[in-house]
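Chain by chain, the residues run as shown.
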Amino acid sequence: MQSMNATVPTRLRTLLRGDPVAIAAQLDADPQSLPFFLAVTVLGSAVYASTLGWWRAPEQAAWAAIKFPLVMLLTAIGNAGLNGVLAQLLGTGLTFGRTCSAILLSFAIAATILAAFSPLILFLLLNVPTLGTSDSAYAVVLVSHVAAIALAGVVANYRLLRLIQHLCGSLGIARRTLLAWLAGNLLLGSQVAWVLRPFVGTPGAPVTFLRNDAVRGNFFEAIADSMRRLIVE
């Protein structure tokens, strides 16, 4: 079992390995695990988000570094009650506290992966203007960011699945629970991100913290339009 005074490197190694037994032991023994996961989520997502708006303007990058961690935290907090109820209904036996810990752990893993992607995304942003018109370049940037976030989410949720399975003892229950959690997180998280846009910043539009039409349209419509432009052009 982890020491009550586990160091930051120890917590980080446990997080990156994703071993469900070690993580569960750390959650039980180390009262600083949750604050650590929270700090990793905020810091990692802010580092990655600083690349989101850099293609548009340095100021846009700064706004994104503030808003992207908010998306992750508001999604986790907004679905905390629902996910706790779903965990009970689906038979995991997880308490509300354990549910929050597990979900925050997955966000911390995703944020760490995204922070590691930052140099690659920055390299793309420095070269993407040569790919064609500004609309085409914007579509490439937007879809690339979505792909990076999706990949980080897949890895993080695989680790979360293993942790739920370890805690409840059933792969079937773990899968159903994860799917239920993902549905809520996807719907809320995507819409929170839509309201807090821009992150990348549309070419020709002024650099701003929030748009005047923040509540108009939805995330999925915007991604479908970007994919269509990439295919057509």
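The structure we're discussing is the one just above.
The rules behind each value
- Residues numbered from 1 in each chain as written.
- Predicted model: local features only at pLDDT ≥ 70, side-chain atom pairs only at ≥ 80, totals over all residues.
- Heavy atoms only, no water.
- Salt bridge = Lys/Arg side-chain N within 4 Å of Asp/Glu carboxyl O.
- Helix = DSSP H or I, 4+ residues; strand = E, 2+ residues; numbered from the N terminus.
- Buried < 20%, exposed > 50% of the residue type's maximum accessible area, 1.4 Å probe, protein only.
- Expected span 1.5 Å × (residues − 1).
- Patch = residues over 30% accessible without salt bridge, like charges linked within 9 Å, V, L, I, M, F, W, Y side chains within 5 Å.
- Areas by Shrake-Rupley, 256 points an atom, 1.4 Å probe, with all protein chains shown as cover.
- Contact = heavy atoms within 4.5 Å.
- Polar contact = N/O pair within 3.5 Å; in protein donor to acceptor, adjacent residues only side chain to side chain.
- 1 Å grid on protein atoms, 1.4 Å probe; cavity = no way out; pocket = protein on both sides within 12 Å on 5 of 7 lines; lining within 4 Å.
- Points joined across faces, edges and corners; volume = space filled by probe spheres on them.
- Nonpolar A, V, L, I, M, F, W, Y, C, P; charged D, E, K, R; others polar.
- Axes fitted to C-alpha atoms, helices over the stretch in contact; angles between N-to-C directions.
- Parallel < 35°, antiparallel > 145°, perpendicular 65-115°, else oblique.
- Left-handed = near helix turned anticlockwise from the far one by under 90°.

A. Just the pattern of salt bridges, in detail. Under the defined criterion, the tally for this structure stands at two salt bridges. One salt bridge in this structure joins Asp30 and Arg11, with 2.5 Å as the shortest N-O distance. Of this pair, Asp30 sits in the loop between helix 2 (20-29) and helix 3 (33-49) while Arg11 sits in helix 1 (residues 8-17), and the two are 19 residues apart along the sequence. Take Arg11: its relative accessible area is 8%, and that puts it in the buried class. A salt bridge links Asp28 to Arg98; the shortest N-O distance between them is 2.3 Å. Of the two residues, Asp28 sits in helix 2 while Arg98 sits in helix 6 (residues 96-127), which places them 70 residues apart along the sequence.

B. Representation of helix 4 (residues 58-78). Along its 21 residues, helix 4 runs 30 Å from first to last C-alpha, staying within 8% of the 30 Å computed at 1.5 Å per residue. Buried within helix 4 we find Gln60, Ala61, Ala64, Lys67, Phe68, Pro69, Val71, Met72, Thr75 and Ala76.

C. Molecular detail of a nonpolar patch on the surface. On the surface, a nonpolar cluster with roughly 390 Å² of combined accessible area is contributed by Ile66, Leu70, Leu74, Phe209 and Leu210. Considering the arrangement of structural elements, one finds Leu70 in helix 4.

D. View of the environment of Thr208. Within the secondary structure, Thr208 is located in the loop between helix 8 (171-195) and helix 9 (219-232). Taking relative accessible area as the criterion, Thr208 reaches 25% and is therefore assigned partly exposed. In sequence terms Thr208 and Pro9 are 199 residues apart; their C-alpha atoms lie 38 Å from each other. When sequence neighbours within four positions are dropped, the list of residues in contact with Thr208 reads Gln60, Trp63, Lys67 and Pro198. At 2.9 Å, the side chain of Thr208 forms a polar contact with the backbone oxygen of Leu210.

E. Fine view of the layout of surface pockets. Within this model, the largest pocket holds a volume of roughly 1,300 Å³. Residue lining of the largest pocket: 43 residues in total, with Ile149, Gly189, Ser190, Ala193 and Phe219 positioned closest to the centre. Taken together, the elements giving at least two residues each to the lining of the largest pocket come down to helix 4, helix 6, helix 7 (134-168), helix 8 and helix 9. When residues of the lining of the largest pocket are assigned to their parent elements, the largest contribution, twelve residues, is made by helix 7. Grouping the constituent residues of the lining of the largest pocket by class yields 26 nonpolar, eleven polar and six charged.

F. Structural detail: the packing of helix 3 against helix 6. Running from amino to carboxyl end, helix 3 crosses helix 6 at an angle of 30°, the nearest separation of the two axes being 7 Å. Relative to helix 6, the element helix 3 lies roughly parallel. Crossing of helix 3 over helix 6 shows left-handed handedness. On helix 6, the residues that touch Leu34, Phe37, Leu38, Val40, Thr41, Gly44, Ser45, Val47 and Tyr48 of helix 3 are Ser101, Leu104, Leu105, Phe107, Ala108, Ala111, Thr112, Leu114, Ala115, Phe117, Ser118 and Ile121. Its residues assigned to classes, the contact of helix 3 with helix 6 shows 15 nonpolar, six polar and no charged.

Distances and angles like these do not, on their own, reveal function.
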